[in-house]
Structure formats: C-alpha cells, structure tokens
Amino acid sequence: MVNTRPPKIDELLKIDPYLHDFQDEISRRYGVFLDYQRRIEECGGMEEFTSSYKQFGLNVQPDNSVKGLEWAPAAEKLALIGDFNNWDQNANVYKKEEHGKWSITVPAKEDGSCPIPHNSVIKIAVSRHGATHFKLSPWATFVTCPNPKETVIYHQNFWNPPEKYQLKEARPARPASLRIYEAHVGISSSEGKINTYREFADDVLPRIQKQGYNAIQLMAVMEHVYYASFGYQVSNFFAVSSRCGTPEDLKYLVDKAHSLGIFMLLDVVHSHASKNVEDGLNQWDGSNGGYFHDNARGYHNLWDSRLFDYTQTETLRFLLSNVRWWVEEYGFDGFRFDGVSSMIYHSHGMNDDFCGGYPMYFGLNADTDSLVYLMLANDFLHKKYPFMITIAEEVSGMPGICRPVEEGGQGFDYRLAMALPDMWIKILKHTSDEDWKIDDIVFNLENRRYAEKHVAYAESHDQALVGDKTIAFWLMDKEMYDFMSTDSPLTPIIDRGLSLHKLIRLITIGLGGEAWLNFIGNEFGHPEWLDFPRVGNGESFHYARRQFNLVDAEYLRYKFLNNWDREMMLLEERTGFLHKGYAYTSWKHDGDKTIVFERGGLVFVINLHPTKSFADYSIGVNTPGRYRIALNSDESKFGGHNRIDNSIKFHTTDDGYAGRRHRLQVYITCRTAIVLEKEDD
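For clarity, every value in this text was computed on a predicted model and none was experimentally measured. (Residues numbered from 1 in each chain as written. Predicted model: local features only at pLDDT ≥ 70, side-chain atom pairs only at ≥ 80, totals over all residues. Heavy atoms only, no water.)

## Some remarks on the UniProt feature "active site" (unreviewed entry) in the protein
Under the present numbering, the feature "active site" (unreviewed entry) in UniProt falls on Asp338 and Glu393. Considering the C-alpha atoms alone, the annotated residues occupy 56 residues of sequence yet fold into one spot, their largest mutual distance being 5.4 Å. In this fold, aspartate 338 is placed in the loop between β17 (334–337) and α7 (340–343). With a relative accessible area of 5%, aspartate 338 lands in the buried category. Within the secondary structure, glutamate 393 is located in the loop between β18 (389–392) and β19 (414–416). The contacts of glutamate 393, once residues within four sequence positions are left out, are Arg336, Phe337, Asp338, Gly339, Val340, Ser341, Leu416, Met418 and Asp462. Within the local environment of glutamate 393, its side chain forms a polar contact with the side chain of arginine 336, the two groups lying 3.3 Å apart. (UniProt positions renumbered as here; feature names shortened; annotations may be inferred. Helix = DSSP H or I, 4+ residues; strand = E, 2+ residues; numbered from the N terminus. Buried < 20%, exposed > 50% of the residue type's maximum accessible area, 1.4 Å probe, protein only. Contact = heavy atoms within 4.5 Å. Polar contact = N/O pair within 3.5 Å; in protein donor to acceptor, adjacent residues only side chain to side chain.)

Here it is in structure tokens:
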C-alpha cells in the first residue's frame with residue numbers, strides 16, 4: 001500500500017485550507033481504501049462481493065434444495081440441525097472448504113418440495129475443542145423468541161413462505177430537502193404494547209405524510225434481543241426485529257411508505273454488535289475473533305459490546321452485503337449510520353472533549369480501518385444506487401465526513417448536528433429566559449463545517465430516553481397533566497411552554513442545517529420521557545408508547561403544537577429553504593432577545609423576550625418589495641394570542657438597515673416568530 005493522492009482532493013482543500021497540512025494523511029487513507037478495493041476485486045469484484053447473501057447463510061435453490069455457506073475459521077465441525085432432521089447432528093454435516101468456509105447442500109424431498117419446512121426452527125451445531133454449541137447463522141433472516149416468559153434466547157426460523165410479499169411501489173425521488181420523521185415501530189402505539197409493522201403502516205404513516213414529512217428514519221429494525229437497547233445491541237444483522245412482525249410485514253410497511261411518497265432511511269448499526277453468545281455473532285465459530293478483533297480492540301467497555309475487525313475480508317463481505325440486503329430485499333432508500341464517532345477513534349470518543357483540532361482528526365487516535373470501511377460503504381452505495389442518501393451520527397466534526405470519497409472524504413451526504421439538542425437542553429435546565437445569550441445561540445446553530453450538509457434537530461430519541469425528558473416536558477413539566485385542556489386556565493407556564501416550543505423548533509430548522517429531523521411524537525410536544533419495559537420499571541409499557549390520542553383530542557392544546565409543526569413542514573415543502581443555501585443573520589440583539597435572518601427568499605423574525613413586544617421594529621432585508629406574513633406563531637390555531645394581523649403587508653424602504661440594502665418595519669410581540677415572504681411583483 002502506498003500513499004495515493006485522491007483525484008479530487010483540490011476540491012476539499014478549497015473548502016478547508018487548513019487541510020493542506022494534512023494532505024499526506026488524507027492520501028495515506030485513500031491509499032488504504034484503494035488497497036481494500038483491490039482485495040475485493042480479487043474476491044470476484046464489488047458486485048459479487050456485496051451480493052454474498054445469495055450464497056452465505058441458507059438459500060433455497062430453484063429445485064427446492066437448500067444450499068448453505070458459512071465462514072467459521074476456528075470451528076472444527078458444523079452441522080445443520082432443527083425440527084426437519086430431529087436435531088440430529090450427524091444428519092446434515094457441513095463440508096470444510098478453503099479459507100475457513102463451510103458448505104452444505106440439503107437435497108429436495110422426493111416430492112420435489114423444500115426439505116426444511118417454512119418457519120421451522122433451525123440452528124447450526126458448531127464444534128471446537130471438543131465442545132459443541134448451538135448457534136444462529138450470522139446471515140439468518142428471521143429469528144424469534146418462542147416463549148419470552150421462559151427464556152430470552154432467540155432461535156433461527158427458516159423463512160421461506162409459499163408467497164413472498166413483492167415490493168410494488170416505485171421509490172420516491174431523492175428529496176432536495178430532507179424533512180425526516182425519526183420513528184420506532186414498537187413504541188408507535190398509544191396502547192401499552194409493542195406495535196407492529198402493519199399497524200404502523202396503516203395507522204402512523206398517514207399521520208407522517210399529512211404532517212409534511214418526506215422521509216422516515218426507522219429505528220431498531222435490525223434484530224436485537226434486548227428491547228430496551230433501542231435497537232443498538234444488534235444480535236442478528238440480516239434479520240428484522242421479529243417482535244414487530246415478519247419480513248413480509250416490513251416489506252408492506254416500506255411499500256406503503258413509498259406509495260405515500262416517503263423516502264425510507266434505515267438506522268444501521270455497524271459500529272458494534274451485541275456480545276450475546278447464544279443468539280448473537282459473538283463467538284460464532286467458538287473463538288473470540290472471527291468478525292471481531294481478538295484482543296482489546298474487539299471490546300467496547302462503555303457499551304459492553306463487540307467491535308468489528310474491518311481489516312478482515314470476511315467482515316467487509318458481511319457488512320457491505322448487509323447494507324445491500326436492506327436495499328434490495330426491503331426497499332430502503334438510504335441509511336443513518338449509528339455510532340460513527342465511536343468507530344473512527346481508537347478511544348471511541350470516551351472521555352474525549354474533541355477540542356484537539358486538526359491534529360486530533362489526523363493523529364494516532366484516528367482509526368484508519370473504520371474510516372476506510374465507511375469510505376467503502378459510501379462509495380459502493382452511491383455508485384450502485386443513485387437515489388442513495390447516507391447520514392453519519394458523528395459529533396467530533398471530523399473534516400470530510402460529508403465530502404465525496406474522490407476528494408478524500410468518507411462520502412456521507414449528511415451528518416447529524418448533534419450539538420444542537422444538547423445546547424437547548426442545557427439552556428432550559430440552567431438558564432432563565434432573561435439570561436439567554438442570543439449571540440451564543442446563533443453561533444451554535446450556525447457553527448458547522450462549510451460545504452458539509454447537516455441534519456438539524458432540537459431533540460431526538462436521545463433526549464427522550466430515561467434520565468432525560470422531552471423539550472415540552474422541560475418547559476411545562478407537571479402542569480402538562482392539569483392544564484393542557486383548552487377548558488382549563490392558560491397558566492403562565494403553559495403559555496411560555498407552548499411559545500418557546502414553537503420558537504425553538506423554528507430557529508433550529510431555519511439556522512441549524514440543511515435537513516430537519518423530528519422524533520416521533522415531539523411534533524405535538526409529547527410529555528414525559530421514553531423508558532422501555534425492563535426489570536427496573538416492572539416491565540411497564542407506560543413510557544414506551546406514543547400518545548397520539550393526546551393530539552387527536554380537540555379539547556387539548558397539543559393540537560396547537562402539531563399545527564405549528566405541520567405548517568413549518570409545509571412552508572419548507574413549498575419554498576425549499578433548507579436546500580437553498582445558508583441563512584444570512586443580519587440581526588441578533590441580546591437586550592431585545594431578537595434574531596432576524598434571511599434564507600431561501602424568506603425573512604425569519606424571532607422575538608425570544610419574555611415580556612417585551614416591539615412596534616415598528618426595524619429589520620434589514622436585501623431584496624426590495626412588498627412582503628406578507630407566511631407564518632405567524634401568535635395565531636390562535638397555534639395556541640397564540642392573535643396579536644399580529646396577518647393581512648398586513650410590509651413595504652421596504654431604501655434606507656438600508658443592519659448591513660442590508662433595505663429596511664422593513666414590523667410589529668413583533670414577545671415570545672413570537674413571524675416568517676415573511678416577498679409577494680410577486
């Protein structure tokens with residue numbers, strides 16, 4: 001392997017001149033990337049390599065025989081066992097092949113039918129050093145827990161239904177602006193239960209479409225034995241979470257989303273794996289290695305999980321085939337890669353403040369193997385699927401994460417703006433309204449890498465999980481239990497909470513990124529927090545649900561926040577301000593608590609002051625003409641007080657203001673935002 005200058009690195013250097021000093025390291029990483037690609041070519045090429053799910057695991061052939069292939073380099077014997085052969089470990093024994101692979105063929109029955117009944121239980125008996133363990137194939141596509149009350153061990157089910165669901169709907173076009181609805185199927189019912197893929201498709205998808213979202217980020221789909229892990233302790237990478245339904249049910253969900261024009265993103269966890277031995281990937285072949293590092297690098301001490309060895313050809317085969325599987329088999333349109341910051345540093349970000357600057361990004365703590373795996377995955381996905389969108393959960397600010405691989409970047413389309421929700425929670429916890437620092441808020445919202453797109457959000461599932469609570473609950477807390485009815489008094493706490501909830505979301509979508517994300521239920525100010533059934537809470541589902549009944553009740557004030565969120569999404573849909581360049585902030589006044597910025601032809605005027613309203617308040621704009629109110633948070637349908645007349649037109653004058661060529665004067669009441677739009681000449 002030699003350093004190889006990326007062919008378009010000059011584009012990256014134009015964007016970030018500080019990278020001139022680190023060209024050698026960028027070229028070294030790119031050289032490793034090319035070396036990995038050459039290794040894949042020697043294995044038959046990227047097309048065959050990423051289609052390995054067609055050979056590995058168990059696959060039914062046209063003549064109804066079943067062929068199997070596994071990589072288990074440390075094993076001494078493999079046998080396929082199950083109901084179909086009375087669990088006889090000598091009936092169907094794998095043949096040892098080269099390079100640690102094992103193959104098997106189970107002939108069709110005499111009548112030509114498949115020898116393994118659909119949905120019957122199977123396992124692989126893996127023997128090493130005189131011990132035999134019943135394991136699940138790493139490539140298993142469906143696993144279930146037969147009796148959760150008696151055992152937590154999952155079994156592999158042979159999934160071969162007589163009629164498979166065929167995806168029918170065309171994929172929606174790749175959105176120019178992403179308005180993402182982050183969802184978890186299991187918690188998506190207002191009832192105390194685990195919801196299903198089909199119920200989500202029939203009951204929740206129409207809500208999401210009506211709300212104006214054009215993409216769903218679906219969490220916790222890859223099978224995970226521990227429900228309370230929120231899907232992050234993946235045990236079976238090719239299997240759908242069976243607690244929500246079957247593979248065919250998930251296909252139905254994706255198909256219905258596509259019929260509604262919704263782009264489907266899957267939360268994919270390739271940063272680590274569950275350390276489960278009985279039903280996970282850990283010690284699959286009897287060793288501590290295999291797909292993982294067989295040393296300290298193979299363990300994540302904080303997450304108590306296993307870490308992949310991305311230098312292994314078979315690990316690359318497994319993971320690259322995995323992303324392709326979810327696109328080809330289930331119709332997903334893109335991915336949100338979980339735990340990227342943990343992947344790309346040897347320290348996994350533990351106890352790191354990420355204040356080391358560029359030497360930190362390109363020093364010894366940076367994990368080349370993980371960075372190159374991400375380059376391989378993104379390069380393959382974007383070349384194979386022109387519609388593909390990938391998002392990185394990355395907090396350190398690593399340069400180039402969202403730049404093309406040809407420039408020396410990692411090839412993602414977006415990264416999550418993870419500092420923003422932390423900022424809002426910190427403000428709400430520790431700062432009174434009068435002491436909000438407007439300069440700091442604007443700086444944090446705008447502080448992101450130039451020419452790398454970010455997904456803005458005020459809160460996600462992380463902020464809702466037990467130990468924290470939703471923004472709505474930080475704002476209104478226990479008063480939400482007694483004063484969210486329109487028949488009850490509008491208390492100062494509820495009034496403040498409704499107002500700031502709207503303003504926080506508007507300023508975040510306006511200034512914080514090039515895409516938007518909302519976690520299920522937060523669009524209407526879901527109360528409390530998120531806590532899955534576990535021993536510590538008596539296995540309760542009370543906090544593991546989304547109470548859509550609250551927003552459906554006309555007599556409750558949740559509808560006001562829902563209305564506001566929907567109008568924000570529809571305004572973005574109509575104007576596309578998220579993809580029309582950066583905002584220009586012309587005014588941020590700490591005393592007045594006001595912010596004014598222009599973006600995508602709109603003028604955002606936000607007054608965060610708790611008591612002061614301003615008549616004839618001057619703001620600067622660059623485009624002359626007549627403006628109208630496109631959005632007004634003080635309207636009664638948004639829980640406001642109707643203090644601003646939406647019929648008023650605003651005319652510019654030529655005596656510029658705040659560094660802009662023209663001036664407007666507006667009436668802006670306390671804790672209110674208006675968005676102005678220029679009328680056609």
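## Details of the sheet that holds strand β5 (residues 101–106)
Strands sit in the order β1-β2-β5-β4 across an open sheet of 4 strands; the sheet is antiparallel. Each edge of the sheet is formed by a strand with only one pairing partner; in this case those strands are β1 (57–60) and β4 (95–96). Relative to β5, strand β2 (residues 66–71) is paired through 6 bridges, and the arrangement is antiparallel. Within β5, the position partnered with valine 66 by the bridge is valine 106. (Pairing = 2+ DSSP bridges.)

## Comments concerning the packing of aromatic side chains
Applying the stated criterion across every chain yields a total of 46 aromatic pairs. Ring geometry for phenylalanine 230 and phenylalanine 532: centres 5.7 Å apart, planes at 75°, overall edge-to-face. With phenylalanine 230 in the loop between β12 (222–223) and β13 (236–240) and phenylalanine 532 in the loop between β21 (515–519) and α15 (548–552), the pair connects residues that are 302 residues apart, well separated along the chain. We classify phenylalanine 532 as buried; its relative accessible area is 2%. In this arrangement the basic side chain of arginine 306 is found over the ring face of tyrosine 299, its NZ or CZ atom lying 4.2 Å from the centre. Taking the ring centre of tryptophan 474 as reference, the NZ or CZ of lysine 469 above it sits at 4.4 Å. (Phe/Tyr/Trp six-rings, centres within 6.5 Å; stacked < 30°, edge-to-face > 60°. Lys NZ or Arg CZ within 6 Å of the ring centre and 35° of its normal.)

## A few points about the sheet that holds strand β27 (residues 650–651)
A sheet is described by the order of its strands in space; here 6 strands give the open sequence β22-β23-β24-β29-β26-β27, paired in antiparallel fashion. If you trace the sheet from one side to the other, it starts and ends with β22 (584–589) and β27, each paired once. In the packing of helix α11 (residues 438–446) onto the sheet, contacts are made with β22 and β23 (594–599), and the angle to β22 comes to roughly 155°. Along the sheet, helix α14 (residues 492–511) makes contact with β22, β23, β24 (602–607), β26 (626–632) and β29 (672–678), crossing β23 at roughly 40°. (Axes fitted to C-alpha atoms, helices over the stretch in contact; angles between N-to-C directions.)

## A few points about the side chain of arginine 403
Residue placement: arginine 403 occurs in the loop between β18 and β19. Residue classification places arginine 403 among the buried residues on the basis of a relative accessible area of 16%. Side chain to side chain, arginine 403 and glutamate 407 meet in a polar contact 2.9 Å long. Residues in contact with arginine 403, not counting those within four places in the same chain, are Leu12, Ile15, Gly409, Gln410, Gly411, Phe412, Ala451 and Glu452.

## Describing the pairing of strand β3 (residues 77–82)
The side chains of a regular strand alternate between the sheet's two faces. Among the 6 residues that make up β3, 5 are buried, leaving the element largely enclosed by the rest of the structure. As paired elements, β3 and strand β6 (residues 121–128) share 6 bridges and run antiparallel to each other. Along β6, the bridge assignment pairs alanine 79 with alanine 125.

## A closer look at the environment of alanine 377
One can find alanine 377 in helix α9 (residues 368–384). Expressed as a C-alpha distance, the spacing of alanine 377 and serine 321, which sit 56 residues apart in the sequence, is 9.6 Å. Residues in contact with alanine 377, not counting those within four places in the same chain, are Leu320 and Phe337.

## What about the nonpolar core?
Soluble globular proteins: nonpolar side chains tend toward being buried together. In this structure, Leu218, Trp326, Phe337 and Trp424 are the most contacted members of the largest nonpolar core, which totals 181 residues. Contact partners of leucine 218, with chain neighbours within four places excluded, come to Ala183, Val185, Phe200, Leu250, Leu253, Met264, Leu265, Leu266, Asp267 and Phe332. By size, the runner-up hydrophobic cluster in this structure holds 16 residues, among which are Val605, Tyr617, Ile619 and Val666. (Core = buried A, V, L, I, M, F, W, Y, C linked by side-chain atoms within 4.5 Å.)

## A look at the pairing of β13
Counting buried residues along β13, 5 of its 5 residues qualify, which places the element largely inside the surrounding structure. Where β12 lies against β13, 2 bridges are found, and the strand directions are antiparallel. By the bridge assignment, glutamate 223 is partnered in β13 with asparagine 236.

## What to know about helix α4 (residues 197–210)
Count 3.6 residues to each turn of an α-helix, and residues three or four apart come out pointing the same way. The end-to-end C-alpha distance of α4 is 19 Å, a good match for the 20 Å that 14 residues give at a rise of 1.5 Å each. Along α4, the largest kink reaches about 40° and is centred on valine 204; proline proline 206 follows within four residues of it. Next to the buried residues of α4 lie β10 (178–184), β11 (215–219), β13, α5 (247–259) and α15. (Expected span 1.5 Å × (residues − 1). Bend = angle between axes of the 7 residues up to and from the residue.)

## Quick look at the pattern of salt bridges
Enumeration according to the criterion identifies 48 salt bridges in this entry. Across the salt bridge formed by lysine 168 and aspartate 255, the nearest N and O atoms sit 3.6 Å from each other. With lysine 168 in the loop between β9 (155–157) and β10 and aspartate 255 in helix α5, the pair connects residues that are 87 residues apart, well separated along the chain. Look at lysine 168 and you get exposed, because its relative accessible area is 59%. Across the pair glutamate 679 and lysine 649 runs a salt bridge whose closest N-O atoms are separated by 2.9 Å. Taken as a pair, glutamate 679 in the segment after β29 and lysine 649 in the loop between β26 and β27 lie far apart in primary sequence, 30 residues in all. Judged by its relative accessible area of 15%, glutamate 679 is buried. Residue class for lysine 649 comes out partly exposed when judged on its relative accessible area of 36%. By sharing partners, the salt bridges in this structure join Glu47, Arg324, Glu328 and Lys384 into a single network. (Salt bridge = Lys/Arg side-chain N within 4 Å of Asp/Glu carboxyl O.)

## A short note on the environment of methionine 423
Inspection of the secondary structure puts methionine 423 in helix α10 (residues 419–430). Counting along the chain gives 146 residues from methionine 423 to valine 277, while the straight-line C-alpha distance between them is 39 Å.

## Topic: the packing of α14 against helix α16 (residues 558–575)
One way to put it is that α14 packs onto α16 with a least axis distance of 10 Å and a crossing angle of 15°. Classified by the interaxial angle, the pair formed by α14 and α16 is roughly parallel. In this structure, α14 crosses over α16, and the sense of that crossing is right-handed. The residues of α16 that touch α14, namely those facing Leu498, His501, Lys502, Arg505, Leu506 and Ile509, are Leu561, Trp564, Asp565, Met568 and Met569. Here the contact of α14 with α16 is composed, by residue class, of 7 nonpolar, 1 polar and 3 charged. (Parallel < 35°, antiparallel > 145°, perpendicular 65-115°, else oblique. Left-handed = near helix turned anticlockwise from the far one by under 90°. Nonpolar A, V, L, I, M, F, W, Y, C, P; charged D, E, K, R; others polar.)

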